[in-house]
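Next come the chains, spelled out residue by residue.
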Amino acid sequence: MLKRTLTGIILVALVAGFMVCGYFVSTIFIDMLILLFLSGATYEMFKCLKDAGYKMFVLPPVFLLVAAYPTFYLLEYFVGGGVGVQGLIAVFIISVMMCLTIFTFKPSKHTQEEVDKAKENGIDLELDSPKAHELKDLFANIFVLVYPILFVTLAWILSFKYSALFAILFAIFVPTVGGDAFAYWFGSLIGGKKLCPKISPKKTIAGAVGGLVGAVIISLVFWLIFEVFADKYPAFIEGCHYVAFINHDVSGWMWKTALVYIALGLVIGVLSELGDLAASRIKRAIGIKDYGKIFPGHGGFMDRLDSIMYSLAVLLISFTCIYAH
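Residues numbered from 1 in each chain as written. Predicted model: local features only at pLDDT ≥ 70, side-chain atom pairs only at ≥ 80, totals over all residues. Heavy atoms only, no water.

Undergrad: Would you mind showing me how to read the overall build of the chain here?
TA: Helix and strand counts for the chain come out as 11 helices and two strands. Counting helices and strands in the order they occur from the N terminus, the chain gives α-α-α-α-α-α-α-β-β-α-α-α-α. Scaling as 2.2 N^0.38, a compact globule of 325 residues should have a C-alpha radius of gyration of about 20 Å, and the chain matches this with 21 Å. Its C-alpha atoms give the chain principal-axis dimensions of roughly 70 × 55 × 30 Å. With 325 residues in all, the chain has 47% of them scored as buried. Taking contacts inside the chain between residues at least 6 apart in sequence as the whole, the part at least 24 apart equals 73%. Summed over its atoms, the accessible surface of the chain is roughly 16200 Å², and 71% of this surface lies on carbon and sulfur atoms. (Helix = DSSP H or I, 4+ residues; strand = E, 2+ residues; numbered from the N terminus. Rg over C-alpha atoms; globule rule 2.2 N^0.38 Å. Buried < 20%, exposed > 50% of the residue type's maximum accessible area, 1.4 Å probe, protein only. Contact = heavy atoms within 4.5 Å. Areas by Shrake-Rupley, 256 points an atom, 1.4 Å probe, with all protein chains shown as cover.)

Laid out in structure tokens, this is it:
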């Protein structure tokens with residue numbers, strides 16, 4: 001528990017450093033933080049699937065990682081009007097087409113080295129793969145383009161369209177500090193009945209409830225900072241480019257915005273738990289404990305992003321409804 005907590009503190013400090021630079025220098029620092037975690041998560045997912053015996057194609061994810069941000073940023077900067085999102089979609093489609101093209105012409109046979117590597121991970125492959133396995137290889141490659149790449153690129157859209165500091169910090173801290181940390185502490189202290197023992201044996205119902213409570217608490221902390229204290233620190237709020245959910249001239253804006261924040265905390269709390277369980281189910285399917293080991297006590301990049309990815313999707317949909325753009 002101590003190792004996990006210390007690593008968590010270091011991760012928070014890392015994120016805080018990029019965010020401070022994003023506030024005082026340029027929001028590009030926030031975008032680079034997103035790219036750092038996206039690259040690490042993609043590498044981990046790619047490697048895990050490859051070690052599990054799937055024939056993985058290097059070019060499509062590399063192209064998507066290299067081309068996605070420049071395409072999005074340049075189109076938004078020079079053209080605007082949401083064209084950057086269309087650019088992201090175009091880059092994603094090209095990457096999928098690359099997968100299909102490589103699948104079309106790549107030999108279906110597994111090499112002896114691939115067979116031996118798969119056996120080390122408890123998977124039996126034949127040198128001449130069955131037709132069904134060929135399709136599984138194709139779907140595995142497309143899967144990496146969607147999870148994590150497509151999910152995480154939503155962060156760039158949030159960062160550009162809305163307040164980068166608010167949106168990204170909210171997407172990170174509500175599901176991790178609020179959801180994961182509170183769930184871990186509640187589960188460790190209370191224990192009790194397991195939530196989904198076949199998927200994640202350590203998760204408890206008490207931990208899930210604690211994560212939900214924590215997500216709402218952290219969400220309300222953001223409400224206090226960006227809404228309640230906004231009028232007292234206007235320079236900070238303006239520096240973050242944050243726009244209030246409801247105009248403060250409207251009667252009852254305080255409790256109305258509080259309800260919105262509580263709703264966001266609840267939805268993210270529930271869906272981030274589902275995202276965590278989905279990541280655990282994938283790990284069990286390919287026979288691993290963690291996606292990586294770069295963060296002691298926390299696993300890898302994917303282990304940190306599993307709940308955040310769902311949070312990004314929730315925020316993008318919510319902000320589109322709240323701000324009507």
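Undergrad: Can you help me understand the layout of surface pockets in this one?
TA: Sizing a probe to match a water molecule and rolling it over the atoms shows the empty space that remains. If you add up the space inside the second largest pocket, you get close to 610 Å³. Listing elements by their share of the lining of the second largest pocket, those giving two or more residues are helix H1 (2-24), helix H2 (28-51), helix H6 (131-161), helix H7 (164-190) and helix H11 (301-323). Of the residues forming the lining of the second largest pocket, the biggest block, nine residues, is contributed by H7. (1 Å grid on protein atoms, 1.4 Å probe; cavity = no way out; pocket = protein on both sides within 12 Å on 5 of 7 lines; lining within 4 Å. Points joined across faces, edges and corners; volume = space filled by probe spheres on them.)

Undergrad: I tried to follow the environment of Gly 287 on my own but got confused; where do I start?
TA: For Gly 287, the position within the fold is in the loop between helix H10 (253-286) and H11. On the accessibility criterion, Gly 287 (62% relative accessible area) is exposed. In this structure, the C-alpha to C-alpha distance between Gly 287 and Cys 48, residues 239 residues apart in sequence, is 9.1 Å.

Undergrad: Mind showing me how you'd approach the pattern of salt bridges here?
TA: Where charged atoms of side chains with opposite charge meet at close range, the side chains can pair. Using the criterion set out here, one finds six salt bridges in the structure. Of the charged contacts, one joins Arg 304 and Asp 180 as a salt bridge, the two residues approaching to 3.7 Å between their closest N and O atoms. With Arg 304 in helix H11 and Asp 180 in helix H7, the pair connects residues that are 124 residues apart, well separated along the chain. On the basis of relative accessibility, which here comes to 12%, the residue Arg 304 falls in the buried class. When its relative accessible area of 13% is taken as the criterion, Asp 180 is described as buried. For Lys 203, the salt bridge identified is with Asp 276, shortest N-O distance 2.5 Å. With a gap of 73 residues between them, Lys 203 in strand S2 (residues 200-204) and Asp 276 in helix H10 connect regions that are remote in the sequence. Note on Lys 203: relative accessible area 18%, which makes it buried. (Salt bridge = Lys/Arg side-chain N within 4 Å of Asp/Glu carboxyl O.)

Undergrad: Can you help me understand the packing of aromatic side chains in this one?
TA: The way to describe two aromatic rings as a pair is by their centre distance and the angle between their planes. According to the stated counting rule, one finds 34 aromatic pairs in the structure shown. On the basis of an interplanar angle of 80 degrees and a centroid distance of 6.0 Å, the ring pair of Phe 166 and Phe 222 is categorised as edge-to-face. Separated by 56 residues along the polypeptide, Phe 166 in helix H7 and Phe 222 in helix H8 (residues 205-228) bring together distant segments of the chain. The buried category is assigned to Phe 166, whose relative accessible area is 2%. The buried category is assigned to Phe 222, whose relative accessible area is 8%. An angle of 50 degrees between the planes, with centres 6.1 Å apart, marks the rings of Tyr 242 and Phe 245 as tilted. Overall, the relative accessible area of 9% leaves Tyr 242 in the buried class. The exposure class of Phe 245 is buried, given its relative accessible area of 10%. (Phe/Tyr/Trp six-rings, centres within 6.5 Å; stacked < 30°, edge-to-face > 60°.)

Undergrad: Explain the packing of H2 against H11 here, please?
TA: Angle between the axes and distance between the axes are the two parameters that describe a pair of packed helices. The contact between H2 and H11 brings their axes to 8 Å, and the two run at 110 degrees. Accordingly, the angle class assigned to the pair H2 and H11 is roughly perpendicular. When you trace H2 past H11, the crossing you get is left-handed. Where H2 abuts H11, its residues Leu 36, Phe 37, Gly 40, Ala 41, Glu 44 and Met 45 lie against Phe 301, Met 302 and Leu 305. Of the residues that constitute the contact of H2 with H11, the class distribution is seven nonpolar, one polar and one charged. (Axes fitted to C-alpha atoms, helices over the stretch in contact; angles between N-to-C directions. Parallel < 35°, antiparallel > 145°, perpendicular 65-115°, else oblique. Left-handed = near helix turned anticlockwise from the far one by under 90°. Nonpolar A, V, L, I, M, F, W, Y, C, P; charged D, E, K, R; others polar.)

Undergrad: How should I be thinking about empty space enclosed by the protein in this particular structure?
TA: Under the criterion given, the structure shown has one cavity of 30 Å³ or more. Empty space within the largest cavity amounts to approximately 40 Å³. For the largest cavity, the full set of lining residues is Pro 175, Gly 179, Asp 180, Ala 183, Gly 211, Gly 269, Ser 272 and Glu 273. Breaking the lining of the largest cavity down by element, the ones donating at least two residues are H7 and H10. For the lining of the largest cavity, the leading source of residues is H7, giving four residues. Partitioned by chemical class, the residues of the lining of the largest cavity number two nonpolar, four polar and two charged.

Everything listed here is a matter of geometry and, on its own, says nothing about what the molecule does.
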